[in-house]
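One-letter residues, chain by chain:
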Amino acid sequence: MRDALRHAAGPVGALALALIVSSFVMLAFHTNPIAAFGALLHGAFGSKQGSAETLVQTTALLFAGLGVAVAFRAGLFNIGAEGQLVAGGLSTAIAGAALHAPAIIEIPLCLLAGAIGGAIWGGIAGVLRARFGASEVITTIMLNYVAFLGSSYLVSGPLRGDLSAPETAPIAATAVMAPIIANTRLTAALPLAILLALYLWWWLGRTVAGYELRAVGKSERAARYAGVDPRVVIVRAMLMSGALAGLAGATEVLGLLHRFNAELSPGYGFTSIAVALLGATNPIGVIFSALFFGALQNGALAMQSLAGVPKDLISVVEGLVILFVAARKLPVGLMLARRPARIEGDS
Amino acid sequence: MSTPWLIALAVAKVLPKKATPLIFAALGGVISENGGIVNIALEGIMAGGAFAAVVTSYRTHDVVLAIFVAVLTGMALAAVLAYFALAQSADQIVVGMAINILTLGMTAYLVSTVFGQPGASPEVPGLRNEAVLTWVALALVVVVHVILYRTRIGIHLRAVGEEPRAAATAGINVVAYRYAATIAGGALAALGGAYLSVGETHIYSDGMVAGRGFIALAAVIFGKWTPFGAAGACAFFALFSSLQIVLQGGAVPAQFLEMLPYLLTIVAIAGFIGRARPPASDGVPYER
């Protein structure tokens with residue numbers, strides 16, 4: 001227990017600092033930060049619908065945040081969660097429209113399609129890094145745009161299912177993940193994401209593969225001397241990372257949109273970087289930070305309408321959190337494991 | 001005139017407009033990365049510069065002052081990157097992403113609060129002839145090249161980016177060079193942003209930078225971290241976006257032309273077209 005508190009101290013400190021700085025921003029523009037955050041809290045947790053919607057946002061952030069966190073543990077910075085999310089969402093939408101099986105088979109297959117779509121998108125960056133030493137930071141940024149533009153082409157051309165809007169055909173009725181609480185949009189995706197987080201926590205800490213992944217994240221060279229092939233581990237980590245982000249897209253499609261279109265993600269993949277870092281790249285920590293950012297995103301709308309504070313302020317909070325978590329010499333800094341800059345001494 | 005000529009003429013008109021902001025930002029990236037600091041925040045700094053220019057022009061109707069304030073804003077944002085990278089030994093990529101998210105949020109927040117309407121500013125006084133900035137950008141390519149390869153400062157800077165420890169032993173102040181290079185880079189990226197706002201469109205709208213900072217980053221890599229290479233890559237990438245505008249509804253879907261810079265960069269960094277090798281200590285924190 002004391003250990004958990006000690007681990008939480010850094011992130012909570014970074015968070016507090018970010019909220020204080022953004023309060024000063026609001027004060028500078030004559031808005032009352034207490035009223036703003038009050039409205040935000042009310043929007044995020046003030047009603048059954050509000051709370052459920054917070055959890056809906058949490059779900060996508062949790063999947064994608066776990067993806068970024070796993071990559072980080074392997075010393076990789078996956079900026080491509082957004083693109084992997086799109087690849088996953090699109091794959092799920094294609095599978096969901098094409099397959100017509102009973103729900104018990106159809107839904108898992110569609111989820112699998114999303115995970116595979118995301119894994120392929122992440123895996124490309126993994127292979128390029130492992131095989132050619134290409135920085136995954138650059139390749140994932142570039143792959144994001146390839147995913148955005150490629151999917152935009154597909155839904156306005158070959159995969160267009162609706163003449164009135166650029167989107168795919170709707171998924172089969174048996175592919176729809178129904179709400180688990182009446183009159184909300186919350187689906188079984190949330191418990192699934194939490195189970196995955198727990199599994200990942202166990203996997204990272206208690207399995208050989210998880211140990212290898214963390215070893216490569218600490219030092220590729222040391223891992224190699226211990227008989228681990230960093231290239232295999234890097235590809236595996238990027239496949240997992242992409243699959244998790246892909247599941248975020250998949251569950252959005254199956255539970256909320258029931259098709260693929262440009263509204264798939266309001267930037268979950270980018271916010272998930274903040275989620276992973278605030279969660280100290282620990283899957284259990286990521287659950288809490290996903291909830292925090294889910295509440296922030298959902299409450300932002302209430303903050304805008306009730307307190308008149310533009311919802312974009314939460315991006316400021318987000319950026320500040322990342323900044324303070326990354327600082328290594330502030331007491332709030334998490335001393336994140338430093339990522340190896342690039343492959344140390346090829347082959 | 002035949003169609004190919006008309007297309008070429010149309011492209012020649014659009015290309016400088018597309019290339020100029022990229023060149024400014026890419027030169028900024030070249031300077032800072034030659035000093036060893038990866039600036040992934042070019043996108044955010046461009047947005048910050050574009051916004052600062054519009055607000056200043058809105059308040060003062062003075063376009064020159066507006067560009068000056070944009071440059072100062074870019075320097076300030078780059079200084080944040082440099083401080084966290086150098087004084088806090090933070091991961092440069094993480095800090096760069098933080099600045100991107102922060103700046104995009106902050107500008108959107110400020111658009112709403114300053115102009116009283118979300119999304120975009122009203123039209124403000126801007127440059128009457130933005131081609132001036134294109135010539136400035138081209139001149140700067142030469143200037144940066146000369147500084148990097150023909151002056152003591154440039155040689156020191158590249159030493160700092162390649163082998164900071166050796167540079168320090170030779171009496172070069174590594175930290176000071178890295179601060180200066182990053183902040184100078186921020187000034188240039190912000191100029192690129194100002195070109196987009198008070199230069200080309202005379203407004204600021206959310207998302208107007210639209211990935212150009214990342215294209216500039218790609219151009220730095222594609223141009224192998226040299227000013228001429230990066231500027232050439234910018235012109236090359238601008239050619240695709242010009243073609244896309246000129247050939248609207250043509251045989252090639254617009255998305256493919258837009259996608260090419262990103263795809264080519266992936267190919268380049270994987271080493272398929274020569275080796276794209278960054279300065280040896282690019283992105284590596286320096287600790288005495």
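Quantities reported herein were computed from a predicted structural model and do not represent experimental measurements.

**Structural notes on the overall build of chain B**
Point 1. Summing up its helical and strand segments, chain B has 11 helices and 0 strands in all.
Point 2. Written out in order from the N terminus, the α and β elements of chain B read α-α-α-α-α-α-α-α-α-α-α.
Point 3. C-alpha extents for chain B along the principal axes are approximately 60 × 45 × 30 Å.
Point 4. Looking at chain B as a whole, 57% of its 288 residues are labelled buried.
Point 5. Considering only residue pairs separated by 6 or more positions, chain B has 79% of its internal contacts joining residues 24 or more positions apart.
Point 6. Of the roughly 11,100 Å² that chain B leaves accessible, carbon and sulfur atoms contribute 68%.
Point 7. Separation of charge centres in chain B, based on 15 positive and 13 negative side chains, amounts to 8 Å.

**Some words on the environment of Glu 252 of chain A**
Residues and elements named next belong to chain A.
Point 1. Considering the arrangement of structural elements, one finds Glu 252 in helix 10 (residues 230-257).
Point 2. Taking the C-alpha atoms as reference points, Glu 252 and Thr 59, separated by 193 residues in sequence, lie 9.0 Å from one another.
Point 3. Residue contacts for Glu 252: discarding those within four places in its chain leaves Ala 60, Leu 257, Leu 264 and Tyr 268.

**Regarding the packing of helix 4 (residues 81-98) of chain A against helix 10 of chain A**
In helix packing, the relevant descriptors are the interaxial angle and the interaxial distance, both defined with respect to the helix axes.
All names here are of chain A.
Point 1. Two elements in contact, helix 4 and helix 10, have axes separated by 6 Å at closest approach and are oriented at 55°. Viewed along their axes, helix 4 and helix 10 adopt a mutual orientation that is oblique. Helix 4 and helix 10 meet at a crossing whose hand is right-handed. Side by side, helix 4 and helix 10 meet where Ala 81, Gln 84, Leu 85, Gly 88, Gly 89, Thr 92 and Ala 93 of the first sit next to Met 238, Ser 241, Gly 242, Ala 245, Gly 246, Ala 248, Gly 249, Ala 250, Val 253 and Leu 254 of the second.
Point 2. Of the residues contributing to the contact of helix 4 with helix 10, the split by class is 9 nonpolar, 8 polar and no charged.

**Some thoughts on the packing of aromatic side chains**
Residue and element names in this part refer to chain B.
Point 1. Enumeration over the complete set of coordinates arrives at 16 aromatic pairs over all chains.
Point 2. When the centroid spacing of 4.8 Å and the interplanar angle of 80° are considered together, the rings of Tyr 58 and Phe 115 count as edge-to-face. You can see Tyr 58 sitting in helix 2 (residues 42-60) and its partner Phe 115 sitting in helix 4 (residues 92-115), a full 57 residues away along the chain.
Point 3. Look at Tyr 58 and you get partly exposed, because its relative accessible area is 32%.
Point 4. On the basis of relative accessibility, which here comes to 10%, the residue Phe 115 falls in the buried class.
Point 5. For the ring pair Phe 236 and Phe 240, a centre distance of 5.0 Å and an interplane angle of 70° mean the geometry is edge-to-face. Taken together, the positions of Phe 236 and Phe 240, both in helix 10 (residues 227-246) and 4 residues apart, correspond to about one turn of that helix.
Point 6. Of the residues examined, Phe 240 reaches a relative accessible area of 11% and is grouped as buried.

**Remarks on the interface of chain B and chain A**
Point 1. Between chain B and chain A, the residue contacts involve 48 residues of the former and 49 residues of the latter.
Point 2. Buried area between chain B and chain A, summed over both chains or domains, comes out near 4,000 Å², and the portion from carbon and sulfur atoms is 78%.
Point 3. Ranking the residues of chain B by area buried against chain A places Val 94, Ile 101 and Tyr 109 of chain B at the top, with a combined share of 16%.
Point 4. Summed over the shared surface of chain B and chain A, the number is 0 salt bridges.

**A few points about the environment of Leu 217 of chain B**
Point 1. In this fold, Leu 217 of chain B is placed in helix 9 (residues 212-222).
Point 2. In the structure, Leu 217 of chain B is positioned 84 residues away from Leu 133 of chain B in sequence and 20 Å away in space, judged by C-alpha atoms.

**Description of the pattern of salt bridges**
All names here are of chain A.
Point 1. What the rule picks out here adds up to 7 salt bridges over all chains.
Point 2. Two residues, Arg 129 and Glu 136, come together in a salt bridge whose shortest N-O distance is 2.7 Å.
Point 3. What makes Arg 129 buried here is its relative accessible area of 1%.
Point 4. Its salt-bridge partner being Glu 167, residue Arg 259 comes within 3.3 Å of it at the nearest N-O pair. Separated by 92 residues along the polypeptide, Arg 259 in the loop between helix 10 and helix 11 (268-278) and Glu 167 in the loop between helix 6 (136-156) and helix 7 (189-206) bring together distant segments of the chain.
Point 5. Of the residues examined, Arg 259 reaches a relative accessible area of 23% and is grouped as partly exposed.

**What about the nonpolar core?**
Point 1. If you look at the biggest cluster of nonpolar residues, it comprises 201 residues, and the most contacted ones within it are Phe 77, Ile 79 and Ile 141 of chain A.
Point 2. Judged by nonpolar contacts, the second largest core, of 5 residues, contains Val 56, Leu 186, Leu 190 and Leu 256 of chain A.

**Side note on the environment of His 7 of chain A**
Point 1. Along the chain, His 7 of chain A falls in helix 1 (residues 2-28).
Point 2. A sequence separation of 66 residues divides His 7 of chain A from Arg 73 of chain A, and the C-alpha atoms of the two residues are 16 Å apart.

**Quick look at the side chain of Gln 255 of chain B**
Point 1. With respect to the helices and strands, the residue Gln 255 of chain B is situated in helix 11 (residues 254-269).
Point 2. Relative accessible area serves as the criterion here: at 13%, Gln 255 of chain B is assigned to the buried category.
Point 3. In contact with Gln 255 of chain B, not counting residues within four places along its chain, are Leu 149, Ser 152, Tyr 153 and Ser 156 of chain A.

**Concerning the confidence of the model for chain A**
Point 1. When the pLDDT values of chain A are averaged, the result is 91; 94% of them are 70 or greater.
Point 2. The model gives residues 341-347 of chain A a pLDDT under 50, and that stretch makes 15 contacts with residues more than four places away or in other chains.

**Side note on the packing of helix 2 (residues 33-45) of chain A against helix 3 (residues 48-73) of chain A**
Residues and elements named next belong to chain A.
Point 1. Packing of helix 2 against helix 3 leaves a shortest axis separation of 5 Å and a crossing angle of 90°. Compared by their axis directions, helix 2 and helix 3 come out roughly perpendicular. Counting all contacts with helix 2, which are made through Gly 43, Ala 44 and Phe 45, the residues of helix 3 involved are Gly 50, Ser 51 and Thr 54.
Point 2. Across the contact of helix 2 with helix 3, the residue classes break down as 2 nonpolar, 4 polar and no charged.

**Structural notes on helix 13 (residues 313-326) of chain A**
Point 1. An ideal rise of 1.5 Å per residue puts 20 Å on 14 residues; helix 13 of chain A measures up with 20 Å between its terminal C-alpha atoms.
Point 2. Among the 14 residues in helix 13 of chain A, 13 count as buried, and that is most of the element.

**Considering unusual backbone geometry**
All names here are of chain B.
Point 1. Positioned with a positive phi, Ser 89 is a non-glycine residue whose angle comes to about 50°.
Point 2. Within the secondary structure, Ser 89 sits in the loop between helix 3 (63-87) and helix 4.
Point 3. Ser 89 gets classed as buried once you look at its relative accessible area, which sits at 2%.
Point 4. Backbone geometry places Ala 210, a non-glycine residue, at a positive phi of 50°.
Point 5. On the secondary structure map, Ala 210 appears in the loop between helix 8 (174-201) and helix 9.

Cut-offs used in this document
Residues numbered from 1 in each chain as written. Chains lettered and ligands numbered in written order. Predicted model: local features only at pLDDT ≥ 70, side-chain atom pairs only at ≥ 80, totals over all residues. Heavy atoms only, no water. Helix = DSSP H or I, 4+ residues; strand = E, 2+ residues; numbered from the N terminus. Buried < 20%, exposed > 50% of the residue type's maximum accessible area, 1.4 Å probe, protein only. Contact = heavy atoms within 4.5 Å. Areas by Shrake-Rupley, 256 points an atom, 1.4 Å probe, with all protein chains shown as cover. Lys, Arg positive; Asp, Glu negative; His and termini not counted. Charge placed at Lys NZ, Arg CZ, Asp CG, Glu CD. Axes fitted to C-alpha atoms, helices over the stretch in contact; angles between N-to-C directions. Parallel < 35°, antiparallel > 145°, perpendicular 65-115°, else oblique. Left-handed = near helix turned anticlockwise from the far one by under 90°. Nonpolar A, V, L, I, M, F, W, Y, C, P; charged D, E, K, R; others polar. Phe/Tyr/Trp six-rings, centres within 6.5 Å; stacked < 30°, edge-to-face > 60°. Buried area = accessible area lost by both parts, 1.4 Å probe. Salt bridge = Lys/Arg side-chain N within 4 Å of Asp/Glu carboxyl O. Core = buried A, V, L, I, M, F, W, Y, C linked by side-chain atoms within 4.5 Å. pLDDT = per-residue confidence, 0-100. Expected span 1.5 Å × (residues − 1).

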